[in-house]
Every structure is written in C-alpha cells, then in structure tokens.
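If you want the building blocks of each chain, they are given just below.
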Amino acid sequence: MADTFYKHGRPQHPTLEEDRPRGGRAKGVKHQGSWSAGAIILVVVLLVIVGIALFP
C-alpha cells in the first residue's frame with residue numbers, strides 16, 4: 001500500500017543531476033557586501049567615539 005502511494009506522480013527511473021558536481025576548478029567566492037558592511041560598522045564606531053568625546 002505504501003509503495004504505490006509514494007510512487008504516485010513519480011517517473012519510473014528518477015535521476016537527479018549532482019547539485020555540486022565533482023572535478024573542475026573551484027569558482028572564486030565573491031564578497032560583495034564586505035566593503036559596505038565594514039564601512040557602516042566604521043561609521044557607527046566613529047559616531048560613538050565622537051559622541052563620547054563631545055559629551056564627557
């Protein structure tokens with residue numbers, strides 16, 4: 001009973017491509033947001049330091 005239930009709507013011989021194929025060269029990782037995130041953190045830190053310096 002369970003076999004026929006789970007086979008419903010599936011092809012006879014289902015095969016899937018590898019989601020991470022082996023071999024070949026690895027593609028470079030792009031860090032697109034790292035500079036902007038670093039700049040935002042730097043601005044926040046500078047604002048805190050200036051705020052402490054102006055209002056001791």
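1. Details of the overall build of the chain
Within the chain, the secondary structure is distributed over 2 helices and 0 strands. Buried residues in the chain amount to 0% of all 56 residues. About 6,400 Å² of surface is accessible on the chain, with carbon and sulfur atoms providing 65% of the total.

2. Things to note about a nonpolar patch on the surface
There is a patch of nonpolar side chains on the surface, built from Ile41, Leu42, Val45, Leu46 and Ile49 and spanning about 470 Å² of accessible area. With respect to the secondary-structure elements, Ile41 resides in helix H2 (residues 34–54).

What counts and what doesn't
The residue numbering used here restarts from 1 in each chain and proceeds along that chain's sequence as written. In view of the model being predicted, local features appear only for residues whose pLDDT reaches at least 70, and side-chain atom pairs are presented and counted only at 80 or more, with totals across whole chains, interfaces and linings using the full set of residues. Side-chain figures throughout are based on the complete set of non-hydrogen atoms in the structure, without hydrogens or water. By definition, any uninterrupted DSSP run of H or I lasting at least four residues is a helix, any uninterrupted run of E lasting at least two residues is a strand, and each is numbered from the N terminus. Categorising residues by exposure relies on relative accessible area from a 1.4 Å probe, with only protein chains included: less than 20% of the type maximum marks a residue as buried, more than 50% marks it as exposed, and the intermediate range marks it as partly exposed. Residue burial considers only the protein chains on display, and all accessible areas are found by Shrake-Rupley using a 1.4 Å probe. Patches were defined on residues exceeding 30% relative accessible area and lacking a salt bridge, with like-charge contacts within 9 Å and nonpolar side-chain contacts (Val, Leu, Ile, Met, Phe, Trp, Tyr) within 5 Å. Salt-bridge detection follows one rule: a side-chain nitrogen of Lys or Arg within 4 Å of a carboxyl oxygen of Asp or Glu.

All quantities given are derived from atomic positions and should not be read as evidence of function.
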